[in-house]
Amino acid sequence: MSRIVIVSNRTPGKGPVAGGLAVALRKVLSEREGFWFGWSGKLTEQPAREARFEDIDGLQVGQIDLTRDDHHAYYAGFSNSILWPSFHLRLDLATIESHWYEGYRRVNHQFARALLPLLKPDDVIWVHDYHLIPLASELRALGARNRIGFYLHIPFPTADALYAIPHHEELMRDLSRYDLVGMQARRDVAAFTEFAEHQMPSTFGGHRSETIDFSRTEVDAFPIGSDPDAFARLSVSPAGTKMVHRMKRALGDQRLILGVDRLDYSKGLPQRVEAYEKLLANNARLRRSVHLLQVAPPSRDSIKEYQETSDTLDAMCGRVMGHFAEPDWQPLTYVKRAYGQPSLAGLYRLAKVGLVTPLRDGMNLVAHEYVGSQNPADPGVLVLSRFAGAAEIFPEALLVNPFDTDETAEALRIALDMPIEERQQRWQALMNAAKHHNVDNWAASFLDRLAPGSMPQSGTRDILYLASVA
Ligand code: G6P
């Protein structure tokens, strides 16, 4: 069987992990031969051309260093100040400095140059996320003939947002150099197809048109999942139980509403706190009997928009405290740090409501983890944004528009008042979906489709996209 080479910006490390990606992929590689490749997390003035390997908890991980300038342009710049906000439809939060593209390209080239000598001809390469869209182009330019797949963990943008990205034509061409492009949700495949089939190139400025040929690239939805059975076990493990006891002591009779998110503007945290504020304002009977815990480990805090999100949230939480707190009662706790999976599983299990309300999200694995951790006899209720990819597979959650804080407040009330039979019914359907879409099935279905000689599926589309190039 071919080896699997996983490539992502971040490689797995030790300690608590904030994002879902590392959690999901560690499991894949612990079960297949191959290695993981990515950035070491180190910045040096003159990075070595060759990767160095490390054994990290039994995984073979090849890593390269980057220069400070390249990393800034590639990570904080093009990836997280242009691609991330645009793909999440937050053009208002994008900072467009088009020269960052050169650093982004340079780092992708550096990845390819260090990876190529490590490859065997039949290795299957699986590239992850928006940091590395050009990697297949760069590898192919150096002569790689391997099967290469790409998985986008974030949503695919609408045409207008894509047009706002400098060099988007080249990024589309880069996608056409993959054998398989996987997305989280059907809506992402639809947005991609709409763009690729229908958006004509700009005809301004005497640009000539060039065809981008997607006929050898399969594009399909592969919704990622978690490991719900593992979360079920963790939630009653000694560490999970310890967290449950600790929280029970702190909460007394109060019912817990829980949010767990990286501190990111796409997660809709200020809107969530506002919805909670409205819940308390509209339902005096709930004061002193509910408590919101928001866990929000800081993320990308060198970027101004992230600092501002953090400040906004501080102010929002302060406002709710000022409005509703009493000497012997606090309406919420806001914790800016990451917790390990066992502690999180305990918190999920205790929470009567899992509040997962991103403004836009690729999938959102917290929703899956919350479902996995519930007590089947007395499950909590998932309140879920309809703009998370998870909404496509969890229709039995209470789906809300996170921009409409009245609606979210009312969903919170309904969740808190929901009779046990309905909670059980909804949870059973959610758990079935979480099991069906678990991380093993996700990885297997993507890798089966990427395997050499696999037959194109009915979802395949032959797309010719006309790009204008200078
Ligand atoms: C999201 C992205 C991942 C990323 C994670 C953490 O889940 O899809 O690619 O690793 O956020 O963000 P960070 O910038 O800290 O790697």
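Numbering of residues starts from 1 in each chain and follows the order in which that chain's sequence is written. Side-chain atom pairs in this predicted model are given and counted only at pLDDT of 80 or more, local residue features only at pLDDT of at least 70, and totals for whole chains, interfaces and linings cover all residues. Think of the side-chain values as coming from all heavy atoms in the structure, minus any hydrogens and water.

UniProt positions are given in the numbering used here, feature names are shortened, and annotations may be inferred rather than shown by experiment. Of the comments in the UniProt record for the protein, the one headed Sequence similarities (unreviewed entry) reads "Belongs to the glycosyltransferase 20 family."

A.B. asks: Whenever I open this one, the environment of Thr312 confuses me. Can you help?
C.D. replies: Runs of E in the DSSP output that reach at least two residues are strands. Runs of H or I that reach at least four are helices, and both are numbered from the N terminus. When you line up the elements, Thr312 lands in helix α11 (residues 304-324). For the pair formed by Thr312 and Leu269, sequence separation is 43 residues and the distance between their alpha carbons is 9.1 Å.

A.B. asks: Would you mind showing me how to read the layout of surface pockets here?
C.D. replies: To find leftover empty space, one rolls a probe the size of a water molecule over the atoms. Grid points spaced at 1 Å over the protein atoms alone were grouped into cavities, where a 1.4 Å probe fits but cannot get out, and pockets, open sets with protein on both sides within 12 Å along at least five of seven lines, with lining residues defined by an atom within 4 Å of a point. Grid points are joined across faces, edges and corners, and a volume is the space filled by probe spheres set on the points. Space inside the second largest pocket adds up to approximately 220 Å³. Around the second largest pocket, the lining comprises 13 residues; the ones closest to its centre are Met247, Ala250, Leu293, Thr333 and Val335. If you list the elements that add at least two residues to the lining of the second largest pocket, you get α9 (238-251), β11 (290-295) and β12 (332-335). When residues in the lining of the second largest pocket are grouped by element, the largest group, five residues, is from α9.

A.B. asks: Help me out: how do you make sense of helix α10 (residues 269-282) in this one?
C.D. replies: Count 3.6 residues to each turn of an α-helix, and residues three or four apart come out pointing the same way. Each helix should span, by expectation, one fewer than its residue count multiplied by 1.5 Å. In a regular helix each residue adds 1.5 Å, so 14 residues correspond to 20 Å; α10 covers 20 Å between its end C-alpha atoms and thus fits that length. Contacts are assigned to residue pairs with any non-hydrogen atoms lying within 4.5 Å of each other. Packed against the buried residues of α10 are β10 (255-260), β11, α11, β12, β13 (353-356) and α14 (405-417).

A.B. asks: I'm lost on the domain arrangement of the protein in this one. Help?
C.D. replies: Each domain span listed reflects an automatic or database assignment of domains. Once the domains are mapped, the protein shows domain 1 (4-224 + 441-469) and domain 2 (228-436). With centres defined by C-alpha atoms, the gap from domain 1 to domain 2 works out at 31 Å. Facing the 29 residues of domain 1 at the interface are 28 residues of domain 2. Here's the idea: put two parts together, see how much 1.4 Å probe accessible area each one loses, and the total over both is what we call buried area. When domain 1 packs against domain 2, close to 2200 Å² is buried across both sides, 57% of that on carbon and sulfur atoms. Any carboxyl oxygen of Asp or Glu within 4 Å of a side-chain nitrogen of Lys or Arg constitutes a salt bridge here. Linking domain 1 with domain 2 are one salt bridge. Here Arg186 ties to Glu392 by a salt bridge, and the two come within 4.0 Å at their closest N and O atoms. Distance and chemistry together define a polar contact, namely a pair of N or O atoms within 3.5 Å, with one atom able to donate a hydrogen and the other to accept it when in protein, and with adjacent residues in sequence counting only for side-chain atoms on both sides. Our enumeration of links across domain 1 and domain 2 arrives at 11 residue pairs in polar contact (both at pLDDT 80 or more). Sorting the residues of the side of domain 1 that touches domain 2 by element identifies α1 (20-31), α2 (68-87) and α7 (186-198) as the ones contributing at least two each.

A.B. asks: Hey, could you run me through the confidence of the model for the protein in this one?
C.D. replies: Any region with low pLDDT has predicted coordinates that should not be read closely. On a range of 0 to 100, pLDDT expresses the predictor's confidence in each residue. Predicted confidence across the protein gives a mean pLDDT of 92, with 92% of residues reaching 70 or more. In the model of the protein, strand β16 (residues 464-469) stands out as the element of lowest mean pLDDT, 49, in contrast to strand β14 (residues 381-385), which has the highest, 99.

A.B. asks: Is there a simple way to explain the site of the ligand in this structure?
C.D. replies: Nearness of a residue to a molecule or strand requires only that one of the residue's heavy atoms be within 4 Å of it. Near the ligand you find nine residues, and of these Arg10, Tyr75, Asp129, Arg262 and Arg300 are the closest. Taking Asp129, its side chain carries an N or O atom lying 2.5 Å from an oxygen atom of the ligand. Contacts to the ligand include Arg300, whose side-chain N or O atom sits 2.7 Å from an oxygen atom. Computed on the free molecule, the ligand has an accessible area of 380 Å², of which 85% lies beneath the protein chains in the complex. Counted by class, the shell around the ligand contains three nonpolar, two polar and four charged residues. Per-residue and other accessible areas follow the Shrake-Rupley method at a 1.4 Å probe size, with only the shown protein chains counted as cover for residues. Polar here means any residue outside two lists: the nonpolar Ala, Val, Leu, Ile, Met, Phe, Trp, Tyr, Cys and Pro, and the charged Asp, Glu, Lys and Arg; Gly therefore counts as polar.

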